[in-house]
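Next come the chains, spelled out residue by residue.
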Amino acid sequence: LINELTTIERYASQIQYYYTNTANNSFHGTGGVSVSFTATDPNNHSHSLSRNASYYIEKPDATLSASQTSTRLVDKDNDGVADYMELSSTTADGITFSASATAPTINGVGEVNFLQTLIEQTDRTGAGLQAQEMSSHNISVLDTQFPYGNPDYDTDPSFTGWTVGAGQTINSISSTPLATVDSPDQSFDNIVPNTNNYTTYSINDPFTMYLIYKPNGVGSIWIPLIAISWNWTVTAQWQLDTSDNTYKWMITSDTSNTEANGHAVTSLPQWTQNVNTILIAGWKNKQ
């Protein structure tokens with residue numbers, strides 16, 4: 001016997017919902033309702049009884065992969081001195097994410113997008129100067145906007161996100177590829193001769209990129225399907241280049257890396273603020 005839950009029952013606090021992988025119905029948790037009650041039979045005898053009901057809720061099958069470049073120095077005004085460093089190449093973004101999502105066949109129509117969080121930690125030091133930082137103090141913050149979208153599509157007013165039909169698949173070779181990119185950068189201060197200058201910039205930013213999904217329907221929320229952990233970890237210094245005997249900005253360490261493929265996630269991403277709040281506030285004396 002199957003009885004549909006009433007609206008009140010569906011929102012009851014004792015009911016917990018969990019999402020499963022549709023390929024093998026493997027549970028991320030166990031969901032169900034246990035009920036104990038007393039029943040009286042026609043002979044007026046009381047009996048203590050209990051009943052249990054269990055269920056699962058499907059979510060899209062998903063994949064997520066990443067390809068990352070190294071950090072380069074950029075001389076935007078062509079004066080022979082780098083103005084900033086950026087995770088990118090001359091022909092590609094710093095990191096590219098390619099994804100796929102196959103929606104459930106029943107009530108699977110919905111939206112797919114990306115979400116990125118990071119722990120911001122950028123430092124600068126120089127002889128005779130107070131060490132400074134831009135930091136989220138080891139707390140996750142949102143990367144720019146939610147959902148993340150695709151920065152390469154931001155100039156296209158017709159792009160409003162990705163949608164997927166019930167039982168359908170969207171991926172990186174769809175008409176609007178399910179993909180996104182990131183190319184973080186950091187500017188250098190101008191070096192003023194015969195004064196104290198900030199001559200070392202170090203970045204240690206761990207990121208998490210999520211593929212997220214929201215089914216159609218009133219009250220639906222975004223849920224994470226899969227995630228990739230990656231980091232931008234690089235140091236640049238103003239120092240003597242012995243190859244031409246001139247001082248310039250040089251990348252002295254770059255250990256940035258990424259997972260090649262995504263890992264499963266079962267909890268909602270959390271953050272306390274937008275990273276732009278930290279970056280706009282600017283440099284603070286290091287704590």
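Keep in mind it's a predicted model, so treat the numbers as computed, not measured.

S.K.: A description of the packing of aromatic side chains should follow, citing residues and the corresponding values.
M.R.: If you walk through the whole model with that rule in mind, you get 10 aromatic pairs. Measuring from ring centre to ring centre gives 5.7 Å for F146 and W271, while their planes differ by 50°; the resulting arrangement is tilted. Here F146, found in the loop between β12 (141-142) and β13 (162-164), pairs with W271, found in the loop between β21 (263-264) and α2 (275-281); they are 125 residues apart in sequence, far enough to count as distant. Assessed through its relative accessible area of 32%, W271 is described here as partly exposed. Arranged with centres 4.2 Å apart and planes meeting at 15°, the rings of F188 and W249 form a pair that is stacked. Here W249 lies in strand β19 (residues 246-254) and F188 lies in the loop between β16 (185-187) and β17 (200-215), a separation of 61 residues in the sequence. Like W249, F188 is buried. Aromatic ring contacts, followed pair by pair, group F188, Y201, W238, W249 and W283 into a single cluster.

S.K.: Report on the pattern of salt bridges, specifying residues and quantitative values.
M.R.: Two side chains of opposite charge can pair, provided their charged atoms sit close to one another. A complete count under the given rule lists 7 salt bridges for this structure. In this structure, the salt-bridge partner of D241 is K248, at a minimum N-O distance of 3.2 Å. By relative accessible area, D241 is classed as buried at 12%. Because the salt bridges share partners, they merge into one network encompassing D123, E133 and K286.

S.K.: Lay out the confidence of the model for the protein in plain terms, naming residues and giving numbers.
M.R.: The share of residues in the protein with pLDDT of 70 or more is 86%, and the mean pLDDT across the chain is 87. Taking the mean pLDDT of every element in the protein, the minimum, 45, falls on strand β1 (residues 19-21) and the maximum, 98, on strand β10 (residues 121-125). Predicted confidence for residues 17-30 stays below pLDDT 50, and this span has 35 contacts to residues more than four positions away or in other chains.

About the criteria used
- Every chain begins its residue count from 1, and numbering advances along the sequence as written.
- For a predicted model such as this one, the threshold for reporting local features is a pLDDT of at least 70, and the threshold for listing and counting side-chain atom pairs is 80 or more; totals across whole chains, interfaces and linings nevertheless cover every residue.
- To get the side-chain values, take all heavy atoms of the structure and skip hydrogens and water.
- Stacked, tilted and edge-to-face are the three classes applied to pairs of Phe, Tyr and Trp rings, where Trp contributes its six-membered ring and a pair requires centres within 6.5 Å; stacked means planes under 30 degrees apart, edge-to-face means over 60, and tilted covers the rest.
- Strands are runs of DSSP state E lasting at least 2 residues, helices are runs of H or I lasting at least 4, and numbering of each runs from the N terminus.
- Only protein chains enter the calculation, and the probe is 1.4 Å; a residue is then buried if its accessible area is under 20% of its type maximum, exposed if over 50%, and partly exposed in between.
- By definition, a salt bridge exists where a carboxyl oxygen of Asp or Glu is found within 4 Å of a side-chain nitrogen of Lys or Arg.
- pLDDT is a per-residue confidence score from the predictor, ranging from 0 to 100.
- The contact rule is simple, with two residues in contact once any of their heavy atoms fall within 4.5 Å.

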